[in-house]
Amino acid sequence: MRKSQVVIIGPGAIGCAVGSALTEAGHDVTFCSRQPFERVSVEKVGGASTLFPARVVLSGKDVPSADWVLLCVKAHQVPSAAGWLRAATGPRTKVAVLQNGVEQRERTEPFVPEGTTIVPVVVDLPASRAAPGEVTWHSRALLSVAESASGKEFCTLFTGSFVTASTTDDLITRAWAKLCVNAPGGAILALTGQPMRVFHKAGVVDVARAILQECIAVGRAEGAKLDDALVDRQIEIFLKAGPDEGNSMYADRMAGREMEWDARNAVIVRKGALHGIATPVSAALVPLLAALNPSSQAGDAA
Ligand SMILES: NC(=O)c1ccc[n+]([C@@H]2O[C@H](COP(=O)([O-])OP(=O)(O)OC[C@H]3O[C@@H](n4cnc5c(N)ncnc54)[C@H](OP(=O)(O)O)[C@@H]3O)[C@@H](O)[C@H]2O)c1
């Protein structure tokens, strides 16, 4: 195996989990962080854990030039990571974007030199961060990328680690299928400020159904293969979830942090408009989600 120089921007739940996997696989890993930590520990619920010393940099001037940059900040945090991207991306660097949503490439392109290889990654690795450098993950650690030479190279990085990375010839479907979980689940929990039990309250599944239908219609127009039965399957999953379970938009809302509503909900409206598809329910929810953002509340209009 060739040892690669990997720079992780955003050492949160996903950044620490994949950084730990890449350290386990024998690569040189550097975390670009806003706060110091000395070790990265990743524990599988009911399973094994890994603990490695972490190389953490707090300033762009200390970032090595990377073979691979893994951008693991949340979607709305990408502009704030511009300095890190500039510092870590040289002529041979490839940038993998590990984020929810379907716009990983568009979101990152403005912040890397023209011609940089960008690899969008669909992440199926339920994880949470307890403290800087401390992560717990549950049940599966899967990454999907499009079939390509750089996609294959990305997957090879994880050989010998607890993460399974694989290529697919239909990343569009995978990304939109994930959005069909995130768009209704995130918006409804964030707006109501209630965990999964909220789906049992009158009318809530109807809102979820409407968001799902809009997401499916727009996803299909974008080339995703999504069948109508997905609506009932997803509603059943929401109804069977543990009553106190949350999701990341809910966790961010409860903690008073900015939320990923643009990448998960506004995108449906944005892409729907491009295809002439009406998305009235998402369009109604987006300003409400935007109004919950701390920055919006700080700048309240009179
Ligand atoms: N966690 C999951 O289970 C999961 C599963 C699938 C997909 N995803 C997706 O993966 C992406 C990452 O999610 P996550 O759960 O890992 O989020 P997270 O735990 O909030 O991690 C984001 C990290 O980025 C850091 N960060 C933000 N801006 C930064 C900047 N300018 N410079 C340096 N660091 C910066 C944050 O640091 P601070 O602590 O300083 O704020 C935080 O450590 C999201 O798109 C999410 O939707 C997550």
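Residue indices follow the written sequence of each chain, beginning from 1 at its first position. This being a predicted model, a pLDDT of at least 70 is required before a residue's local features are given, and a value of 80 or more before pairs of side-chain atoms are given or counted; all residues contribute to the totals for chains, interfaces and linings.

### What about the overall build of the protein?
- Runs of H or I in DSSP of at least four residues are treated as helices and runs of E of at least two as strands, each being numbered from the N terminus. Within the protein one finds 11 helices and 12 strands.
- Buried, partly exposed and exposed are defined by the number of other C-beta atoms within 10 Å of a residue's own C-beta, namely 20 or more, between the two limits, and 12 or fewer respectively, with C-beta atoms placed from the backbone. Per-residue burial over the protein gives 43% buried out of 302 residues.
- The long-range fraction of contacts in the protein, counting pairs at least 24 apart against all pairs at least 6 apart in sequence, stands at 65%. Any two residues are considered in contact once their C-beta atoms, placed from the backbone, lie within 7 Å.

### Digging into helix H1 (residues 13-24)
- Helix span, expected: 1.5 Å multiplied by one less than the number of residues in the helix. Taking 1.5 Å as the rise per residue, H1 with 12 residues should run 16 Å; its terminal C-alpha atoms sit 17 Å apart, in good agreement.
- Among the residues making up H1, those that are buried are Ala13, Ile14, Gly15, Cys16, Ala17, Val18, Gly19, Ser20, Ala21, Leu22 and Thr23.
- The positive-phi residue at the C-terminal boundary of H1 is glycine 26, with phi of around 100°.

### Structural notes on the domain arrangement of the protein
- Note that the domain bounds reflect an automated or database-derived domain assignment. Segmenting the protein into domains produces domain 1 (5-168) and domain 2 (172-298).
- In this structure, domain 1 and domain 2 have C-alpha centres spaced 25 Å apart.
- Taken together, the contact pairs 11 residues of domain 1 with 12 residues of domain 2.
- Under the grouping applied here, Gly and all other residues not named as nonpolar or charged are polar, the nonpolar ones being Ala, Val, Leu, Ile, Met, Phe, Trp, Tyr, Cys and Pro and the charged ones Asp, Glu, Lys and Arg. Tallied by class, the residues present in the side of domain 1 that touches domain 2 amount to 3 nonpolar, 6 polar and 2 charged.

### Side note on the sheet that holds strand S11 (residues 142-146)
- Pairing between strands is defined by DSSP: at least two bridges between the two strands are required. Taken in spatial order, the 8 strands line up as S5-S2-S1-S6-S7-S8-S11-S12 in an open sheet, and their pairing is mixed. A strand with exactly one partner marks an edge of an open sheet, and here the two such strands are strand S5 (55-57) and strand S12 (164-168). Strand-to-strand twist across the sheet, computed as the mean angle between neighbouring axes with direction ignored, equals 25°.
- Of the strands in this sheet, strand S6 (68-71), strand S7 (94-98), strand S8 (117-124), S11 and S12 are in contact with helix H4 (residues 149-157), which crosses S12 at around 165°. In this analysis an axis means a line fitted to C-alpha atoms, helices contributing only their contacting stretch, and an angle means the value between N-to-C directions, from 0 to 180 degrees.

### Some thoughts on the site of the ligand
- Around the ligand, the surrounding shell holds 29 residues, and the nearest of these are Gly10, Gly12, Ile14, Gln99 and Asn100.
- When contributions to the shell around the ligand are tallied by element, the ones reaching two or more residues are H1 and strand S9 (127-131).
- Here the element with the most residues in the shell around the ligand is H1; it accounts for 3 residues. By convention here, the C-beta atom is placed from the backbone, and a residue is near a molecule or strand when that atom is within 6 Å of it.

### A short note on the pairing of S9
- Sheet topology places S9 next to strand S10 (residues 134-137); 4 bridges connect them, and they run antiparallel. Each residue of the ladder has a partner; that of arginine 129, found in S10, is valine 135.
- Here S9 folds back onto S10, and the loop between the two strands holds 2 residues, one of which, glycine 133, carries a positive phi near 85°.

### Some words on the packing of helix H5 (residues 171-192) against helix H6 (residues 204-221)
- At their nearest, the axes of H5 and H6 sit 9 Å apart, and the two run at 150° to each other. Helix-helix and strand crossings are classified by hand; for H5 and H6 the assignment is right-handed. Residue-level contacts link Trp176, Leu179, Cys180, Ala183, Pro184, Ala187 and Ile188 of H5 to Val204, Val207, Ala208, Ile211, Leu212, Cys215, Ile216 and Gly219 of H6.
- Residue classes in the contact of H5 with H6 are distributed as 14 nonpolar, 1 polar and no charged. Crossings are sorted by hand: turned counterclockwise from the far helix by less than a right angle, the near helix makes the crossing left-handed, and turned clockwise it makes it right-handed.

### Remarks on the pairing of S10
- Of the two faces of S10, only the one carrying Val135 and Trp137 is buried; Glu134 and Thr136 on the other face are not.
- The pairing of strand S3 (residues 39-44) with S10 spans 4 bridges and is parallel. What sits directly across from valine 42, in S10, is valine 135.

### Re helix H7 (residues 229-240)
- Spanning 12 residues, H7 covers 17 Å between terminal C-alpha atoms, matching the ideal 16 Å at 1.5 Å per step.
- Those residues of H7 that fall on the buried side of the exposure criterion are Val231, Gln234 and Phe238. The buried residues of H7 occupy an angular sector of 75° when projected down its axis, which confines them to one face. Projecting away from the buried face of H7 at angles above 90 degrees are the exposed residues Ala229, Asp232, Arg233, Glu236 and Lys240. Relevant arc is that of directions from the helix axis to the C-beta atoms, nothing else.

### Quick word on the environment of alanine 87
- Mapped onto the secondary structure, alanine 87 falls in helix H2 (residues 82-88).
- By C-beta crowding, alanine 87 is classed as buried, having 21 other C-beta atoms within 10 Å.
- It is 7.8 Å that separates the C-alpha atoms of alanine 87 and proline 64, two residues lying 23 residues apart in sequence.
- Every residue in contact with alanine 87, bar those within four places of it in the chain, is listed here: Gly60 and Val63.

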